[in-house]
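Residue-level structural notes
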Amino acid sequence: TLLWREWKELRNDPAPYRGRLIRAVVFPLLMIVFFFQSNDTPEGVHAKRSIIFLSILEAVQEPLLDTARSLPEHIAGIYDREVEAGLYSALPYILSKVVAESV
């Protein structure tokens, strides 16, 4: 139910979701272009490794940053009430936000 609520909340405000979708399409396309334009020289291999590293970093970092940006507004409202009511602790809340925002 916590994860479902986070997904519904993301769908209610489509602007950030659209921005993430554009980033999720444009960034990988640029990485693919740069990856296949690199040749097999030592410099090209280093460039390919850098592209792979940046792709992994982008895939991991972006959902975490989105979660960190949205936490203050949620903690002040919904989260405080539900923790006081004993519904869940911080770990399930953070995990559901990261999963919902990474999809």
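In short, a report on the structure. (Residues numbered from 1 in each chain as written. Predicted model: local features only at pLDDT ≥ 70, side-chain atom pairs only at ≥ 80, totals over all residues. Heavy atoms only, no water.)

**Details of the packing of aromatic side chains**
The condition that has to hold: Only rings of Phe, Tyr and Trp enter the pairing, Trp through its six-membered ring, and a pair is recorded when the two centres are within 6.5 Å. The plane angle decides the type: under 30 degrees is stacked, over 60 is edge-to-face, the rest tilted. The rule for a charge over a ring is simple: NZ of Lys or CZ of Arg within 6 Å of the ring centre, and within 35 degrees of the ring normal.
Scanning the entire structure with this criterion turns up 1 aromatic pair. Note that Lys48 overlies the ring of Phe35, its terminal NZ or CZ placed 5.1 Å from the centroid.

**Structural notes on the side chain of Lys48**
Definition in use: The helix and strand labels rest on DSSP assignments: H or I over at least four residues marks a helix, E over at least two residues marks a strand, and numbering proceeds from the N terminus. Type-normalised accessible area, obtained with a 1.4 Å probe on protein chains alone, sets the label of each residue: buried when under 20%, exposed when over 50%, and partly exposed for intermediate values. Contacts are residue-level and defined by heavy atoms, with any inter-residue pair within 4.5 Å sufficient.
Within the secondary structure, Lys48 is located in helix α3 (residues 42-84). With relative accessibility at 18%, the residue Lys48 sits in the buried group. Non-local contacts of Lys48, meaning those with residues more than four positions away in its chain, are made with Phe35, Ser38, Asn39 and Asp40.

**Describing helix α1 (residues 2-12)**
This is how it is decided: Throughout, the arc means the angular range of directions from the helix axis out to the C-beta atoms.
For α1, every residue scored as buried is listed here: Leu2, Glu6 and Leu10. The arc enclosing the buried residues of α1, seen along the axis, measures out at 80 degrees, which places them on a common side. Turned more than 90 degrees away from the buried face of α1 sit Trp4 and Asn12, all of them exposed.

Without other data, these values stay purely geometric and don't point to any function.
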